[in-house]
Amino acid sequence: MRRSRTGMAHRRTPPPRRRPATFRRAVCVLAAVVIMTLAPASTSVPPELWTTPGAAPGVSVAPGEGPAPDDDVVVPTRVPEAVAATFPTRSSVGLPAGWEPKDEHTGDLWIRARGAVVEDLRITGGVIRVAAENVTLRRVQAVDAFVVNDVNGACGSGLVVESSTFTRTAGATETDLPVIGTGGFTVRDVLIDGVPEGIRVGSKHCGGVTVENSYIAVVPPAECQDWHGDGIQGHNGGPVLVRQSVITLEERADCPGNAPFFYPGDQDNTSLTIDGLLVSGGGYPFRAGTSGTVYNLRVVDESWGYGPAEVSCPAVAVTGSHLVTVAANGRTTPVGRLAPCGGA
């Protein structure tokens with residue numbers, strides 16, 4: 001059984017991974033078409049309850065809601081479920097079109113001023129060490145660079161990373177740092193692309209973590225011995241809230257990863273709230289053992305090796321969730337209900 005660097009087992013001993021079945025997918029899609037044809041029109045939802053302007057109803061939280069650092073569980077607001085939902089794509093998040101940096105930096109960058117705003121920066125080959133509270137990183141292009149806000153035991157709580165793009169070159173290794181970590185921060189409208197490890201949620205003493213309207217694409221490193229990549233992983237993490245985001249995990253036959261979302265119950269995590277998450281890839285695209293609520297989870301059909309989800313019931317309550325197909329524009333179409341603990 002393979003174990004993480006923390007010692008927690010990333011894999012159980014499941015049956016052999018199954019490969020995608022074209023016939024089964026065709027039958028599921030045909031069934032979905034028949035169901036949608038016979039179903040009544042969905043109830044309209046006021047725009048003020050949508051997660052983002054123009055987004056489809058069904059992935060939503062009322063304005064002003066969000067986790068306080070000490071909250072145990074944030075319960076998302078429910079609205080009538082739509083037949084389809086739209087999620088971010090690589091081109092809809094991250095740096096704006098036509099962006100150019102005002103400053104460039106190579107190597108490590110320390111931020112020690114409380115409330116500092118660092119924007120329109122291209123940083124290459126270093127670590128952004130946030131050693132002050134309430135720092136904002138906005139429109140940052142990070143190439144082979146990482147963000148750490150728990151520096152020598154001091155928390156850079158209140159960190160916001162927004163409208164930024166993180167990429168990794170061919171030099172990626174399986175021992176890379178997580179791209180952003182570890183506690184008391186918000187990631188918003190961010191693209192993390194082509195990395196072996198995405199976001200680490202930890203350092204619960206620094207506060208909770210929110211990830212919203214972001215796209216994370218995890219890929220294996222060139223050389224692989226014991227890689228177990230994740231899009232979001234929790235270890236000693238505070239409350240985590242994920243809203244209207246996408247996580248994909250690519251693997252190779254000689255280099256299997258772990259899961260796009262991995263928030264286990266035996267790694268001293270606090271709680272989780274999911275309200276709009278599209279995942280694909282890995283043995284199980286969604287793995288959760290920490291108590292909390294999961295709503296509007298979308299798992300791309302036949303994208304897994306073992307099964308669509310592995311959750312601890314009844315600690316994790318999964319409702320309003322589906323197996324889906326997804327179009328290039330991020331629009332998902334349900335092909336089956338996802339209820340790993342039974343119920344709705």
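These numbers were taken from a predicted model, which means no experiment stands behind them.

Draft legend 1. Focus on the overall build of the chain. Helix and strand counts for the chain stand at one helix and 25 strands. Burial analysis of the chain (344 residues in total) assigns 55% to the buried set. Excluding contacts between residues fewer than 6 apart, the proportion of contacts in the chain whose partners are at least 24 apart in sequence is 62%. Just so you have it, the chain exposes about 14300 Å², and 54% of that area is on carbon and sulfur atoms.

Draft legend 2. Seen up close, the state of the cysteines. By the definition in use, this model includes three disulfides. Disulfide partner of cysteine 224: cysteine 255, at an S-S distance of 2.1 Å. Where cysteine 224 bonds to cysteine 255 through sulfur, the torsion about that S-S bond is close to 85°, and the disulfide is right-handed. With a gap of 31 residues between them, cysteine 224 in the loop between strand 15 (215–218) and strand 16 (230–234) and cysteine 255 in the loop between strand 17 (240–249) and strand 18 (259–263) connect regions that are remote in the sequence. According to the relative accessible area criterion, cysteine 224 is partly exposed, its value standing at 23%. Put simply, cysteine 313 and cysteine 341 are joined by a disulfide, and their sulfur atoms are 1.7 Å apart. Taking the sign of the torsion about the S-S bond as the criterion, the disulfide between cysteine 313 and cysteine 341, at about -75°, is left-handed. Separated by 28 residues along the polypeptide, cysteine 313 in the loop between strand 22 (309–311) and strand 23 (316–319) and cysteine 341 in the segment after strand 25 (331–337) bring together distant segments of the chain.

Draft legend 3. Inspection of the pairing of strand 5 (residues 136–148) at higher detail. With 11 of its 13 residues buried, strand 5 lies for the most part within the structure. As judged from the 11 bridges shared by strand 4 (residues 117–130) and strand 5, these two strands associate in the parallel manner. Residue pairing for strand 5: glutamate 119 is matched across the bridge by arginine 138. Looking at chain direction, strand 5 and strand 8 (residues 159–162) are connected through three bridges and run parallel. When the bridges of strand 8 are listed, threonine 136 appears paired with valine 160. Bridging between strand 5 and strand 9 (residues 165–167) involves three bridges; their strand directions are parallel. In the sheet register, glutamine 141 faces strand 9, and the bridge partner there is threonine 165. The pairing of strand 5 with strand 10 (residues 180–181) spans two bridges and is classified as parallel. Within strand 10, the residue paired with valine 148 across the bridge is glycine 181.

Draft legend 4. Structural detail: the packing of aromatic side chains. If you walk through the whole model with that rule in mind, you get three aromatic pairs. An aromatic cluster is present here, built from Phe261, Tyr263 and Phe286 joined pairwise through their rings.

Draft legend 5. Representation of the side chain of arginine 200. For arginine 200, the location among the structural elements is in strand 13 (residues 199–201). Look at arginine 200 and you get buried, because its relative accessible area is 18%. Contact partners of arginine 200, with chain neighbours within four places excluded, come to Pro178, Ile180, Gly181, Thr182, Phe185 and Gln233.

Draft legend 6. Local environment of unusual backbone geometry. Glycine 181 connects to threonine 182 through a cis peptide bond whose omega is 10°. Of note, the amide linkage connecting cysteine 313 to proline 314 takes the cis form, showing an omega dihedral of 5°. For proline 314, the position within the fold is in the loop between strand 22 and strand 23. Of note, arginine 139 is a non-glycine position whose phi angle comes to about 50°, a positive value. Take arginine 139: it is sitting in strand 5. Even without a glycine there, the phi angle at serine 163 is positive, about 50°. As for its position among the elements, serine 163 is in the loop between strand 8 and strand 9. Residue serine 163 is classed as partly exposed on the basis of its relative accessible area, which comes to 22%.

Draft legend 7. Focus on the nonpolar core. By size, the foremost hydrophobic cluster in this structure holds 57 residues, and its most contacted members are Leu137, Ile180, Ile199, Phe261 and Phe286. Phe87, Ala217, Leu278 and Val324 belong to the second largest nonpolar core, which has 10 residues in total.

Draft legend 8. Layout of the confidence of the model for the chain. Overall, the predicted model of the chain reaches an average pLDDT of 82, with 76% of residues at or above 70. Across residues 1–8, confidence stays below pLDDT 50; counting only partners more than four residues off in sequence or on other chains, it has 27 contacts. Note on residues 19–82: pLDDT is under 50 here. Beyond four places in sequence and across chains, it has 109 contacts.

Draft legend 9. The arrangement of the environment of glutamate 251 in detail. Inspection of the secondary structure assignment puts glutamate 251 in the loop between strand 17 and strand 18. Separated by 31 residues in the primary sequence, glutamate 251 and glycine 282 have C-alpha atoms spaced 7.1 Å apart.

Draft legend 10. Just the environment of isoleucine 180, in detail. Assignment of secondary structure puts isoleucine 180 in strand 10. C-alpha separation for the pair isoleucine 180 and isoleucine 199, spaced 19 residues apart in sequence, amounts to 5.0 Å. Once you skip the residues sitting within four places of it in the chain, isoleucine 180 turns out to touch Val147, Val161, Phe166, Phe185, Val187, Ile192, Gly198, Ile199 and Arg200.

The rules behind each value
Residues numbered from 1 in each chain as written. Predicted model: local features only at pLDDT ≥ 70, side-chain atom pairs only at ≥ 80, totals over all residues. Heavy atoms only, no water. Helix = DSSP H or I, 4+ residues; strand = E, 2+ residues; numbered from the N terminus. Buried < 20%, exposed > 50% of the residue type's maximum accessible area, 1.4 Å probe, protein only. Contact = heavy atoms within 4.5 Å. Areas by Shrake-Rupley, 256 points an atom, 1.4 Å probe, with all protein chains shown as cover. Disulfide = S-S within 2.5 Å. Pairing = 2+ DSSP bridges. Phe/Tyr/Trp six-rings, centres within 6.5 Å; stacked < 30°, edge-to-face > 60°. Core = buried A, V, L, I, M, F, W, Y, C linked by side-chain atoms within 4.5 Å. pLDDT = per-residue confidence, 0-100.

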